[in-house]
Amino acid sequence: MVNFIMSGACGRMGKVIAEAASQRSDVNLVCGVDVANDKTDFPLYSDFSSITEKADVIIDFSNPAALDGLLAYALEHEVPCVLCTTGYSEDQIAAVDKAAEKIAIFRSGNMSLGINLLIELSKMASKVFGQDFDVEIVEKHHNKKIDAPSGTALMIADGISSVRTDDPEYIYDRHSIRKKRSTNEIGISSIRGGTIVGEHDVIFAGDNEVLTISHQAQSRNLFAVGAINAAAFLAGKPAGNYDMSDLLKERY
Ligand SMILES: NC(=O)c1ccc[n+]([C@@H]2O[C@H](COP(=O)([O-])OP(=O)(O)OC[C@H]3O[C@@H](n4cnc5c(N)ncnc54)[C@H](O)[C@@H]3O)[C@@H](O)[C@H]2O)c1
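Residues numbered from 1 in each chain as written. Predicted model: local features only at pLDDT ≥ 70, side-chain atom pairs only at ≥ 80, totals over all residues.

A. Inspection of the site of the ligand at higher detail. Around the ligand, the surrounding shell holds 24 residues, and the nearest of these are G8, G11, M13, N63 and A66. For the shell around the ligand, the leading source of residues is helix α1 (residues 12-22), giving three residues. For the shell around the ligand, the residue count by class is eleven nonpolar, eleven polar and two charged. (Near = placed C-beta within 6 Å. Helix = DSSP H or I, 4+ residues; strand = E, 2+ residues; numbered from the N terminus. Nonpolar A, V, L, I, M, F, W, Y, C, P; charged D, E, K, R; others polar.)

Given below as C-alpha cells:
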C-alpha cells in the first residue's frame, strides 16, 4: 500500500485523484494540502509544515506558488514527489533538479501515456523529415487555464528540438512578425475556450503532404490514473529525476 499526500487537494485534479484513489486498493490518500478550505473526507492542511501523517510519496497538482513549501517538506522527511503542476519558472525547475539530488522526483507536464507516446512519435517524424517539413503545434484547453502555451505543448516542442540539429526557435505569436517562416521554427499556438480538457495537434507540413499527430484528452481521469501510477512507481525509488518515459519503458 502506497500512502500519499495530495497537494492541491481542493482543486479540479485533486478531487479527481481523491475519487480515483478511493477505488484502488494499492494507494491510500493520507492527507491533503491546499490554501482553499473545502470540506474533505481526509485531513486537510493549509501548508506542509502542519502535516502530522506519514507518507511514502506526494502527488502535486496545485500551483507553482506551492513549490517551496512542498520541496522543504519533501527534503526534510525524504518523501519522493510526483510534480504535475505546470508553469514553473526556470529558477523553480533548477530548485527541483537540486532537490532530485537527494530525493526521487517524477515531473511531467502531462501524465497521459498517449501524449508521451505522441512525443516519441513526433521525435521519430522529426528525424525522418528533418528540415523538409515545417512543424506547428496547436493546443486547445478550457477557459480556466492560466498558463499558455500549455506545459504539454512545450514538452512536445522540447522533444522535437532534442532530435534536431538546427537549434529550433519557438514562435508563439506571428501577428507582429512580418516575414515568412524560416525552416528552424516551431510554431506554437494556443486556443482557450469552454470545457476542453486538452487537445494537442503536431503538424508536419511538407511539399504536397501533411502529417498530423493528434491527441485528445477526454477526461481529467486519465491524468489522475497516470499520476497515481507514477506515485506507485516512484515510492521507494532512489534519488533522481524521473518522468513518463521511465513508465513508457516498462511497456515497450
Ligand atoms: N501534468 C498533468 O498531466 C496535468 C494535468 C492537469 C493539470 N495540470 C496542472 O496541475 C495544476 C492544477 O490543475 P487544476 O486543474 O487541478 O487546477 P485548480 O486551480 O482546479 O486547482 C489548484 C488547487 O491548488 C490550490 N493552490 C493554489 N495555490 C496553492 C498553494 N500555494 N499551496 C497549496 N495549494 C494551492 C488551489 O487552492 C486549488 O485548489 C495546474 O498547474 C495544471 O496546469 C497538470
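B. Up close: the nonpolar core. Counting residues in hydrophobic clusters, the biggest one holds 43 residues, and the most contacted among them are F4, I58, I59, V82, A227 and A231. For this core, the secondary structure elements donating two or more residues are β1 (2-7), α1, β2 (27-33), β4 (57-60), α2 (67-77), β5 (81-83), β6 (104-107) and α6 (221-234). Ranked by residue count, the leading element in this core is α6, at seven residues. Once residues within four sequence positions are removed from consideration, A231 is found in contact with V2, F4, V27, V57, I59 and V82. (Core = buried A, V, L, I, M, F, W, Y, C linked by C-beta atoms within 7 Å. Buried ≥ 20, exposed ≤ 12 C-beta atoms within 10 Å, placed from the backbone. Contact = placed C-beta atoms within 7 Å.)

C. Examining the domain arrangement of the chain more closely. Splitting the chain by domain gives domain 1 (2-111 + 220-249) and domain 2 (113-217). In this structure, domain 1 and domain 2 have C-alpha centres spaced 28 Å apart. Contacts between the two partners involve ten residues from domain 1, matched on the other side by twelve residues from domain 2. Mapped onto the side of domain 1 that touches domain 2, the elements with two or more residues apiece are α6 and α7 (244-249). When residues of the side of domain 1 that touches domain 2 are assigned to their parent elements, the largest contribution, three residues, is made by α7. Among the residues forming the side of domain 1 that touches domain 2, the class breakdown is three nonpolar, six polar and one charged. (Domains from an automatic or database assignment.)

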